[in-house]
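# Descriptive analysis of the structure
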Amino acid sequence: MKKFLGSAGFLAAAGVISKLLGAVHKLPLMAMLGAEGTGLYHLVFPMFAAVLAVTSGGVTQAVSRSAAREGGCAPASLKAGLVMTAFAGTAGSLFLGAASGIMAKLQGNHEAACAYLALAPAVLPSCVIAALRGWWQGRRNMFPTAVSQLAEQTVKLFAGLALAYALRPRGIEYAVAGAIGGITVSEFAAAAALLAAMFAARKRPTGPVSFRPALISTVKDALPGSLSSLVMPLLQLIDSVMIVNLLIKCGAGTEGSTALYGVSAASVGAVSGMPPVFTAAYSAALLPRLCGREDEYAKRRAAGKAMSAAFLAGIAGAAIMYAFADEIVGVLYPSGLEAAEHAAASDSLRLSASGTLCLCLLQTVTTVLQSQGRAYIPALILLGSGALKACLTAVLVPVMGVQGSAAATSAAYAAALCADAAAARGIIFGGTDIRNVLKSVAAVAAGCAAGVAAKSLPVEGCFGTCLSCGAVFLLTSLLVLLATDAFGIMGMIEEKVMRSKLFGGSSAKNSKKY
């Protein structure tokens, strides 16, 4: 359990650093591109994510499960994953490049075609990355995955900003294509880091390899996961096609509609993506554990801890998004937005808060179902929630504006969570400690109240206000968690102290002589 928690914590720390690097990348990029350029930038990613879901969705989990069952260096699982993703990634890159013009027209802005062409080559390395991360995770080694995440974000930061700046004089569409070209370069860098880690491993995957059975097994395991991972990109793709066109029909114009979509998507994506980093890391470490040979009680206990941790991450993120929406938008757009754009971004953040909580829990429940060989259940449920999302978007956007999409997304996630939780109720509810859930609610409520009160502090600027409120929120929440001993924090701290050199080691051994 301690090794499991350590791996999840290490991967979560790398994910947080990656998100911070992503924020450092986005802030100057959004200032450079402006509202319309930001909209163009975000228009292409839903289709990219959908292509990735088809070509590599479920591969990481499938290879991880296969490697955990195979044991050792898992050479068959590695070869099967690499061969499958190499073929699928090549096909995906060619498809995205060929469909660039069509997708740009469907989304209501033909200038997005250049961005699609810049992003198309990134499909191949992204698919290879999925297979390699699954292989390392199946061996319960999260270090290469963490290093590849950091390499990816670092290269994207410098390459993206440099290319966007260099191409900016040629027009906004070329600047956006340059920024996205930096992402393509970063994907190749991350793939190179993982391949280098594989070749540098002491126990290389050599020896006889049962390739055909491993390939068949990996494909079978990946298909349900691919269907499940396709749903979220489809939701975003539906948004990118429907929202801009609906806003144009409401009279906002092409540039205004793209700008509104951009500020809303950028604001929500920049913040709502942070809490799932923790739950994704925990889920990545949880899957091989649940697929291992441990007894059912240990599996139920691990799943319960994961659900409690996901709830804490989700409710903390939701509280921050709802209580500090205006301050967050001010930090993301320091040069300021028009009143309508600022209201759209802030309201979208608040409406997405409950969806962030549901998504954190949904990730963990999906992992539990995948470990039981029932990955088709969350896939089918998410398909149903996707249909619900599309219907709600069509109804709410003409009434609420771009904010209606955020409300529709939160409702779809809530419906999917309820259905998934009902399917996995035996293992997740049986192992979840309700006391930790209640302590998390109390900690976040106290932190939120203290953070809101900190808004009155004499601090200049949105960044300073956000920093002071965030620090007060985190400190207050942490103190309440420590005071209530949530998740057994005090016990873990005490154990660490007792095992340290100050109280243990030679002094403890010498004390036995007396």
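Residues numbered from 1 in each chain as written. Predicted model: local features only at pLDDT ≥ 70, side-chain atom pairs only at ≥ 80, totals over all residues. Heavy atoms only, no water.

Tallying secondary structure elements over the protein chain gives 22 helices and zero strands in all. For the protein chain, the share of sequence-separated contacts (at least 6 apart) that also reach a separation of at least 24 residues comes to 84%. Total accessible area on the protein chain stands at roughly 22,000 Å², and carbon and sulfur atoms take up 68% of it. (Helix = DSSP H or I, 4+ residues; strand = E, 2+ residues; numbered from the N terminus. Contact = heavy atoms within 4.5 Å. Areas by Shrake-Rupley, 256 points an atom, 1.4 Å probe, with all protein chains shown as cover.)

With that settled, consider the packing of helix H7 (residues 123–138) against helix H8 (residues 143–167). Orientation of H7 relative to H8, taken along the N-to-C sense of each, is 145°, at an axis distance of 9 Å. Across from Arg-133, Trp-136 and Gln-137 in H7, the residues of H8 making contact are Pro-144, Thr-145, Ser-148, Gln-149 and Glu-152. For the contact of H7 with H8, a count of residues per class yields two nonpolar, four polar and two charged. (Axes fitted to C-alpha atoms, helices over the stretch in contact; angles between N-to-C directions. Nonpolar A, V, L, I, M, F, W, Y, C, P; charged D, E, K, R; others polar.)

The next thing to look at is the packing of aromatic side chains. One pair of aromatic rings is described through two measures. These are the centre distance and the angle between the planes. Under the criterion given, the structure shown has two aromatic pairs. Summarising the aromatic geometry, the rings of Trp-135 and Trp-136 are spaced 4.8 Å apart at their centres and angled 65° between planes, so their arrangement reads as edge-to-face. Side by side, Trp-135 and Trp-136 carry an identical accessibility label, which is buried. The ring centre of Tyr-174 lies 4.6 Å from the NZ or CZ of Arg-170, which sits over that ring. (Phe/Tyr/Trp six-rings, centres within 6.5 Å; stacked < 30°, edge-to-face > 60°. Buried < 20%, exposed > 50% of the residue type's maximum accessible area, 1.4 Å probe, protein only. Lys NZ or Arg CZ within 6 Å of the ring centre and 35° of its normal.)

Here the focus is the pattern of salt bridges. By the definition in use, this model includes four salt bridges. Residue Lys-455 is joined to Glu-327 by a salt bridge in which the shortest nitrogen-to-oxygen separation is 3.8 Å. Taken as a pair, Lys-455 in the loop between helix H19 (434–453) and helix H20 (461–484) and Glu-327 in helix H14 (residues 325–332) lie far apart in primary sequence, 128 residues in all. The exposure class assigned to Lys-455 is partly exposed, which follows from its relative accessible area of 31%. Here Glu-327 falls in the buried class, since its relative accessible area comes to 15%. Note that Arg-350 is salt-bridged to Asp-347, the shortest N-O span being 3.5 Å. Pair noted here: Arg-350 and Asp-347 are both in helix H15 (residues 339–371), with a separation of three residues, about one helical turn. Sharing partners across several salt bridges, the network here consists of Asp-326, Asp-347 and Arg-350. (Salt bridge = Lys/Arg side-chain N within 4 Å of Asp/Glu carboxyl O.)

Counting residues in hydrophobic clusters, the biggest one holds 53 residues, and the most contacted among them are Tyr-333, Leu-349, Leu-361 and Phe-473. The leading source of residues in this core is helix H13 (residues 296–323), at 12 residues. In contact with Phe-473, not counting residues within four places along its chain, are Ala-316, Ala-319, Ile-320, Phe-324, Val-444, Gly-447, Cys-448 and Gly-451. Of all hydrophobic cores here, the second largest spans 45 residues; its members include Leu-40, Ala-112, Ala-120 and Leu-161. (Core = buried A, V, L, I, M, F, W, Y, C linked by side-chain atoms within 4.5 Å.)

Let us look at unusual backbone geometry. Despite not being glycine, Asp-485 shows a phi value in the positive range, around 55°. Its location among the elements puts Asp-485 in the loop between H20 and helix H21 (489–499). According to the relative accessible area criterion, Asp-485 is partly exposed, its value standing at 32%.

Quick look at the side chain of Ser-186 now. Counting through the fold element by element, Ser-186 comes out in helix H9 (residues 172–200). Look at Ser-186 and you get buried, because its relative accessible area is 1%. Aside from chain neighbours lying at most four places away, what touches Ser-186 is Glu-152, Val-155 and Lys-156.

With that settled, consider the side chain of Thr-356. Examined against the element boundaries, Thr-356 turns out to sit in helix H15. Those residues within four positions of Thr-356 in sequence are excluded, and the remaining contacts are Ser-272, Pro-275 and Met-321.

Along the chain, Met-400 turns up in helix H16 (residues 376–400). Separated by 56 residues in the primary sequence, Met-400 and Ala-344 place their C-alpha atoms 9.6 Å from one another. With residues up to four places along the chain from it excluded, the contact list for Met-400 reads Leu-351 and Ala-407.

Counted at 1.5 Å a residue, the expected span for H16 with its 25 residues is 36 Å, and the 34 Å between its end C-alpha atoms agrees. Where H16 bends most, the angle comes to about 30°, and this point is Thr-393. Taken together, the buried positions of H16 are occupied by Ile-377, Pro-378, Ala-379, Ile-381, Leu-382, Ser-385, Gly-386, Lys-389, Thr-393 and Val-397. Count one or two residues on from H16 and you reach Gly-401, which has phi positive near 85°. (Expected span 1.5 Å × (residues − 1). Bend = angle between axes of the 7 residues up to and from the residue.)

The geometry of a pair of packed helices is captured by two quantities: the angle between their axes and the separation between those axes. Here H14 crosses H20 at 130°, and the two axes come no closer than 8 Å. One element, H14, and the other, H20, form an angle in the oblique class. In this structure, the crossing between H14 and H20 has a hand that is left-handed. In this structure, H14 uses Glu-327, Ile-328, Gly-330 and Val-331 to contact H20, whose residues at the interface are Cys-462, Phe-463, Thr-465 and Cys-466. Looking at the contact of H14 with H20, its residues break down into five nonpolar, two polar and one charged. (Parallel < 35°, antiparallel > 145°, perpendicular 65-115°, else oblique. Left-handed = near helix turned anticlockwise from the far one by under 90°.)

Enumeration over the complete set of coordinates arrives at zero disulfides. There is no disulfide at Cys-469, and the cysteine sulfur nearest it, in Cys-466, is 7.0 Å away. (Disulfide = S-S within 2.5 Å.)

Once that is clear, we can look at a nonpolar patch on the surface. A cluster of nonpolar residues, Leu-227, Leu-234, Tyr-376, Leu-380 and Leu-383, forms a patch on the protein surface that exposes about 420 Å² of accessible area. Going through the elements one at a time, helix H10 (211–249) and H16 are the ones with two or more residues in the nonpolar patch. The leading source of residues in the nonpolar patch is H16, at three residues. (Patch = residues over 30% accessible without salt bridge, like charges linked within 9 Å, V, L, I, M, F, W, Y side chains within 5 Å.)

What follows deals with the environment of Arg-425. Note on placement: Arg-425 falls in helix H18 (residues 425–431). Exposure remark for Arg-425: the relative accessible area of 53% places this residue in the exposed category.

Once that is clear, we can look at the confidence of the model for the protein chain. In the predicted model, the protein chain carries a mean pLDDT of 81, and the fraction of residues at 70 or more is 87%. Mean pLDDT across the elements of the protein chain bottoms out in helix H22 (residues 505–511) (45) and peaks in helix H6 (residues 113–119) (93). (pLDDT = per-residue confidence, 0-100.)

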